[in-house]
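Reading the structure
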Amino acid sequence: MIEKQLDKVTKGKGFIAALDQSGGSTPKALGAYGISEDAYSNDTEMFDLVHEMRTRIITSPAFNSEYILGAILFEQTMESEIDGMFTADYLADIKGIAPFLKIDKGLSEKENGVQLMKTITDLDDILSRANERHIFGTKMRSVIYEANEEGIKTIVEQQFDIGRKIITFGLVPIIEPEVDIHSADKEACEALLKTEILQHLDQLEDHENVMLKLTIPTKENLYKELIDHPRVVRVVALSGGYTTDVANAKLKENDGLIASFSRALSQDLNANQTDDEFNDTLEKAVLSIYESSI
């Protein structure tokens, strides 16, 4: 199954759906979906509601392997079920979509113009459970705000150090050093980031393959070298707060870069929509993102 998924993620047409809102971002995601905070009284109820939202997305006819290569899940979603199956098994076996898991624990305080990931104290346990739940790959996010060479060097080192550990568990890591779209130094940040990533890619062994999730660059095709690198399975783009239309337009300017959108995928979905309305709305979003990724 892993080899089949790897072949599809590497060569297939489509995009990676990000369904991994967690902790602090969950109330915002539910609010955008039409569920206010007075609809739940604790974290358990909140996460049950967000799982219902994700289940509705994943089980929709519009959410299918013709357009979607993989889906990124939150840890609690991995441990939850859809139609009596763990979510990753449902994605892989019923939908033909590779399941990924968000493993980071949020961001540290800003230093040297970046926010590193907080220490993942239970990394081995998470990766072991990911294997038990038949996860294909992982995702971890940190953020760059300024063109600070020391900060960007540190953030890439952290990502690749953890990425190599993930590979030892047989998983494919998505390395995500996001450049904030509002950074006054965005283009300079991206140039420094590319240089650092290339250095680390060149140090990987032949069996050590990674994916990259990067902010759509200001300069067209800046990341083409990364896309073509033999150690890179795929380079995917985060929408970073851009609307669907803006993100899709920017994505089209970059050959070989495919989408991994969250808000841009679900921004027009609402809990009060009928199934037909919901499925039609999701289909339009899926098709627009897909067309920008091929």
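Residues numbered from 1 in each chain as written. Predicted model: local features only at pLDDT ≥ 70, side-chain atom pairs only at ≥ 80, totals over all residues. Heavy atoms only, no water.

1. Re helix 8 (residues 186–202)
- Between its first and last C-alpha atoms helix 8 spans 24 Å; for 17 residues at 1.5 Å apiece the expected length is 24 Å, and the two agree.
- Among all positions of helix 8, only Lys186, Cys189, Glu190, Leu193, Lys194, Glu196, Ile197, Leu198, His200 and Leu201 are buried.
- Residues of helix 8 that are buried make contact with strand 7 (137–144), helix 7 (149–168), strand 8 (172–179), strand 9 (210–215), helix 9 (224–227) and strand 10 (232–238). (Helix = DSSP H or I, 4+ residues; strand = E, 2+ residues; numbered from the N terminus. Expected span 1.5 Å × (residues − 1). Buried < 20%, exposed > 50% of the residue type's maximum accessible area, 1.4 Å probe, protein only. Contact = heavy atoms within 4.5 Å.)

2. Focus on the side chain of Asp180
- Relative to the assigned elements, Asp180 resides in the loop between strand 8 and helix 8.
- The side chain of Asp180 sits in the buried core without any salt bridge; Arg141 is the nearest counter-charge, 6.5 Å away.
- Apart from residues lying up to four places away in sequence, Asp180 is in contact with Val143, Ile144, Tyr145 and Lys186. (Lys, Arg positive; Asp, Glu negative; His and termini not counted. Salt bridge = Lys/Arg side-chain N within 4 Å of Asp/Glu carboxyl O.)

3. As for a negative patch on the surface
- Taken together, Asp276, Glu277, Asp280 and Glu283 make up a surface patch of like negative charges.
- Structurally, Asp280 can be placed in helix 12 (residues 275–292). (Patch = residues over 30% accessible without salt bridge, like charges linked within 9 Å, V, L, I, M, F, W, Y side chains within 5 Å. Areas by Shrake-Rupley, 256 points an atom, 1.4 Å probe, with all protein chains shown as cover. Charge placed at Lys NZ, Arg CZ, Asp CG, Glu CD.)

4. Description of the packing of helix 7 against helix 8
- Orientation of helix 7 relative to helix 8, taken along the N-to-C sense of each, is 40 degrees, at an axis distance of 10 Å. Classified by the angle their axes make, helix 7 and helix 8 are oblique. As helix 7 runs across helix 8, the sense of the crossing is right-handed. The segment helix 7 lies against helix 8, with Glu149, Ile152, Lys153, Val156, Glu157 and Phe160 engaging Cys189, Leu192, Leu193, Glu196, Ile197, His200 and Leu201. (Axes fitted to C-alpha atoms, helices over the stretch in contact; angles between N-to-C directions. Parallel < 35°, antiparallel > 145°, perpendicular 65-115°, else oblique. Left-handed = near helix turned anticlockwise from the far one by under 90°.)

5. Some points on the pattern of salt bridges
- Counted under the stated rule, the structure contains 20 salt bridges.
- Between Lys105 and Glu75 there is a salt bridge; the shortest N-O distance is 3.3 Å. Of this pair, Lys105 sits in the loop between strand 5 (98–102) and strand 6 (114–115) while Glu75 sits in helix 4 (residues 75–78), placing them 30 residues apart in sequence.
- With a relative accessible area of 35%, Lys105 lands in the partly exposed category.
- A salt bridge links Lys105 to Asp122; the nearest nitrogen and oxygen atoms lie 3.7 Å apart. With Lys105 in the loop between strand 5 and strand 6 and Asp122 in the loop between strand 6 and helix 6 (123–132), this residue pair connects regions lying 17 residues apart in the sequence.
- Salt bridges here are not isolated pairs; linked through shared partners, they connect Glu75, Glu79, Lys105, Asp122, Asp125, Arg129 and Arg133.

6. Digging into the packing of aromatic side chains
- In total, this model carries four aromatic pairs according to the counting rule given.
- Ring centres 4.9 Å apart and planes at 75 degrees place the aromatic pair Tyr67 and Tyr290 in the edge-to-face group. You can see Tyr67 sitting in the loop between helix 3 (43–59) and strand 2 (68–73) and its partner Tyr290 sitting in helix 12, a full 223 residues away along the chain.
- Looking at Tyr67, the relative accessible area reads 18%, which means it is buried.
- Look at Phe100 and Phe136: their rings are 5.3 Å apart centre to centre, the planes differ by 85 degrees, and that puts the pair in the edge-to-face class. In this pair, Phe100 sits in strand 5 while Phe136 sits in the loop between helix 6 and strand 7, placing the two residues 36 residues apart along the sequence. No difference in accessibility class separates Phe100 from Phe136, as the two residues are buried.
- Lying across the ring of Phe86, Arg133 places its NZ or CZ 3.8 Å from the centre. (Phe/Tyr/Trp six-rings, centres within 6.5 Å; stacked < 30°, edge-to-face > 60°. Lys NZ or Arg CZ within 6 Å of the ring centre and 35° of its normal.)

7. Things to note about the environment of Lys250
- Following the sequence through the fold, Lys250 ends up in helix 10 (residues 244–252).
- Measuring from C-alpha to C-alpha, the distance between Lys250 and Ala237 comes to 10.0 Å, with 13 residues separating the pair along the chain.
- Those residues in contact with Lys250, other than ones at most four positions away along the chain, are Ile216 and Tyr242.

8. As for the nonpolar core
- Core analysis: the biggest nonpolar cluster contains 81 residues, and Phe63 and Leu212 have the highest contact counts within it.
- What Phe63 contacts, discounting residues up to four positions off in sequence, is Ala17, Leu19, Ile57, Ile58, Ile68, Ala71, Leu91, Lys95, Ile97 and Leu282.
- Counting residues in each nonpolar core, the second largest holds 14 residues, with Val172, Ile174, Met211 and Val233 among its members. (Core = buried A, V, L, I, M, F, W, Y, C linked by side-chain atoms within 4.5 Å.)

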